[in-house]
Amino acid sequence: MLSAPAFLDTLERTGLSTWLRESESLFAYYFVLVLHNIGLALLVGTCSVLGARLLGFVPELPLVPLRRFFRLVWIGFWLNMVSGAFLLIAYPTKALTNPLFYLKLVLIALGVWVLIRIERECLVDEAAIASRLAAKRSLVLWMLGVWLGVLTLGRSLAYTASYILYGKGT
Amino acid sequence: MNFDHLHLLLNHVPIIGFVIALALFVASFAGRNTDLRRSALIVFAVVALVTIPTFVSGVAADRTIANDAGVSEALVKRHEGAAMLGLWFVMATGAAAMTALWRFRRTAAGPPRADIVAVLLLSTIATGLMARTGNTGGDIRHPQPGTAQGTPVAEGSIGAIIHAFEPAPDGFTDLMVATKWWWATMMVMHFVGLSLIIGVVGAIDLRIMGFARELPLAPLHRLLPLAMIGLGLNFVTGMLAFIGMPVYYAADIAFWFKLCALMLLGVNALLFYMTGIFDSVEHLGPGEDAALSAKIIAAGSLLLWFAVIISGRYIQRFEDSLRF
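Residues numbered from 1 in each chain as written. Chains lettered and ligands numbered in written order. Predicted model: local features only at pLDDT ≥ 70, side-chain atom pairs only at ≥ 80, totals over all residues. Heavy atoms only, no water.

**Student:** In this structure, what is going on with unusual backbone geometry? I would like to understand it.
**Tutor:** Trans is the prevailing form of peptide bonds, just as negative phi is the prevailing case for residues other than glycine. All names here are of chain B. A positive phi is found at Ala 212, a non-glycine position, where the angle reads about 45°. The class of Ala 212 is buried, set by a relative accessible area of 3%. Positive phi is not limited to glycine here, since Asp 320 has a value of about 60°. Tracing the backbone through its elements, the reader meets Asp 320 in the segment after helix H14 (292–313). Judged by its relative accessible area of 47%, Asp 320 is partly exposed. (Buried < 20%, exposed > 50% of the residue type's maximum accessible area, 1.4 Å probe, protein only. Helix = DSSP H or I, 4+ residues; strand = E, 2+ residues; numbered from the N terminus.)

**Student:** In this structure, what is going on with the packing of helix H2 (residues 12–27) of chain B against helix H5 (residues 113–141) of chain B? I would like to understand it.
**Tutor:** For any two helices packed against each other, one specifies the crossing angle of their axes together with the interaxial distance. Residues and elements named next belong to chain B. Two numbers describe how H2 lies on H5: the axes approach to 9 Å, and their chain directions differ by 150°. Judged on the interaxial angle alone, H5 and H2 are roughly antiparallel. H5 is crossed by H2, and the crossing has left-handed handedness. Where H2 abuts H5, its residues Pro 14, Ile 15, Phe 18, Val 19, Leu 22, Phe 25 and Val 26 lie against Ile 116, Val 119, Leu 120, Ser 123, Thr 124, Ala 126, Thr 127, Met 130 and Gly 134. Looking at the contact of H2 with H5 residue by residue, the class counts come to 12 nonpolar, 4 polar and no charged. (Axes fitted to C-alpha atoms, helices over the stretch in contact; angles between N-to-C directions. Parallel < 35°, antiparallel > 145°, perpendicular 65-115°, else oblique. Left-handed = near helix turned anticlockwise from the far one by under 90°. Contact = heavy atoms within 4.5 Å. Nonpolar A, V, L, I, M, F, W, Y, C, P; charged D, E, K, R; others polar.)

**Student:** For this particular structure, what's the right way to read the interface of chain A and chain B?
**Tutor:** One frequently used descriptor of interface size is the decrease in accessible area upon assembly of the parts. At the interface, 32 residues of chain A touch 33 residues of chain B. Summing both partners gives a buried area of about 3200 Å² for chain A against chain B, and 76% of it is carried by carbon and sulfur. Three residues, Tyr 30, Arg 155 and Tyr 159 of chain A, lead the burial of chain A against chain B; their summed loss comes to 21% of the area buried on that side. Summed over the shared surface of chain A and chain B, the result is 2 salt bridges. Residues Arg 222 of chain B and Glu 60 of chain A are paired through a salt bridge, measuring 2.1 Å at the closest nitrogen-oxygen approach. (Buried area = accessible area lost by both parts, 1.4 Å probe. Salt bridge = Lys/Arg side-chain N within 4 Å of Asp/Glu carboxyl O.)

**Student:** Where do I start with the side chain of Arg 132 of chain B in this structure?
**Tutor:** Checked against the element boundaries, Arg 132 of chain B lands in helix H5. Polar side-chain contacts of Arg 132 of chain B include one of 2.6 Å to the side chain of Glu 166 of chain B. (Polar contact = N/O pair within 3.5 Å; in protein donor to acceptor, adjacent residues only side chain to side chain.)

What follows is the structure, encoded as structure tokens:
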């Protein structure tokens with residue numbers, strides 16, 4: 001028997017949660033999933049491009065204007081905070097009874113800290129950064145590693161849940 | 001939609017296309033005709049792309065004719081196994097041809113000998129395997145004179161050797177879905193590939209469309225191999241996932257939408273690189289504006305990649321949306 005807090009049950013019975021899960025509308029659950037997927041592509045995809053440049057793959061690419069693309073990283077991030085909240089409302093028991101979900105949250109927090117540092121320290125003055133870039137190598141690798149971890153954990157949540165709904169095991 | 005008719009429409013393209021491309025390719029060695037060689041490589045790449053919906057429509061056609069009297073399940077499976085083996089060699093030829101075309105751009109002397117040998121070797125094997133796929137497919141509906149439809153076919157000596165390498169379709173399918181961990185790993189790789197494609201292609205498209213104009217295009221475009229790694233990863237994991245649950249995907253309208261968007265992306269890429277539009281933006285410097293034709297191609301690419309993601313994500317929602 002599931003010994004999960006009763007508020008999960010309450011949350012699942014709310015109109016929004018029920019609608020997200022059960023509606024036949026194209027704009028219910030799968031629409032939120034699409035948004036979450038687009039956010040992931042913007043965040044991880046743009047990080048890959050920035051990472052490739054910061055690791056020295058295309059040194060001819062100027063760094064300072066590349067900073068413009070960092071806006072896409074944050075758009076992807078906030079899109080996924082919002083769409084992720086809706087996914088959580090749709091299946092609260094599924095996420096909150098899975099330890100991997102908490103690990104994902106920890107990695108996201110770590111990832112945000114790394115992103116802020118990259119934005120502040122790596123994409124500033126073109127002349128000064130060239131000499132500092134070698135020292136930032138591990139920070140860039142952390143950025144790529146952590147967000148790859150978030151992606152992997154997020155995808156794994158679909159296959160590792162012990163409960164789909166309150167009182168319903170897999 | 002009648003899937004066995006769609007399969008009949010498509011299934012001649014890989015066979016005839018590869019025979020013609022291989023003939024052009026071999027002919028290009030006489031007189032070192034580089035234009036002819038480039039044409040042959042383009043045909044290989046295009047035909048490889050069309051082979052994907054051909055394979056997919058074959059699975060759907062199998063479901064359509066499965067209940068017909070006189071159709072032998074064993075003959076269908078034999079054809080499917082031949083198609084699976086052939087598919088990988090066609091894909092590999094397409095990838096090798098695209099690599100060679102890429103290097104054609106970079107050096108006046110043409111691609112290195114290793115590329116040419118790889119294309120020659122892979123395409124020769126692929127052409128042979130496609131011929132066998134066509135032949136085994138023909139046996140399903142058109143038996144040898146004097147035998148009834150559905151009669152088991154004895155393999156010839158060459159057929160028996162090739163048959164040893166052909167996967168048993170059901171066994172391969174079971175292997176893909178045997179553990180949820182392998183499936184989850186494939187899906188994670190598919191999402192990593194998707195991110196690499198959107199990151200690199202999206203950045204190039206946005207720059208051409210006029211965003212972040214301070215960036216020169218050439219160094220940004222040099223990141224394209226990263227997107228190609230993503231594309232390769234997603235072709236392989238995508239096809240493996242399809243083989244894992246072929247009927248699930250073939251009966252799904254969203255999956256067909258995704259395939260159509262991918263084919264249009266192929267056309268879009270061809271227009272970009274083969275009609276001189278890419279040459280017009282290749283050396284775009286900081287602050288320079290791209291031609292309208294290039295902007296339209298870039299916007300089309302961005303739109304179509306998002307269509308691929310959206311229809312891919314709706315596959316689950318449209319389970320069983322098509323009737324055979």
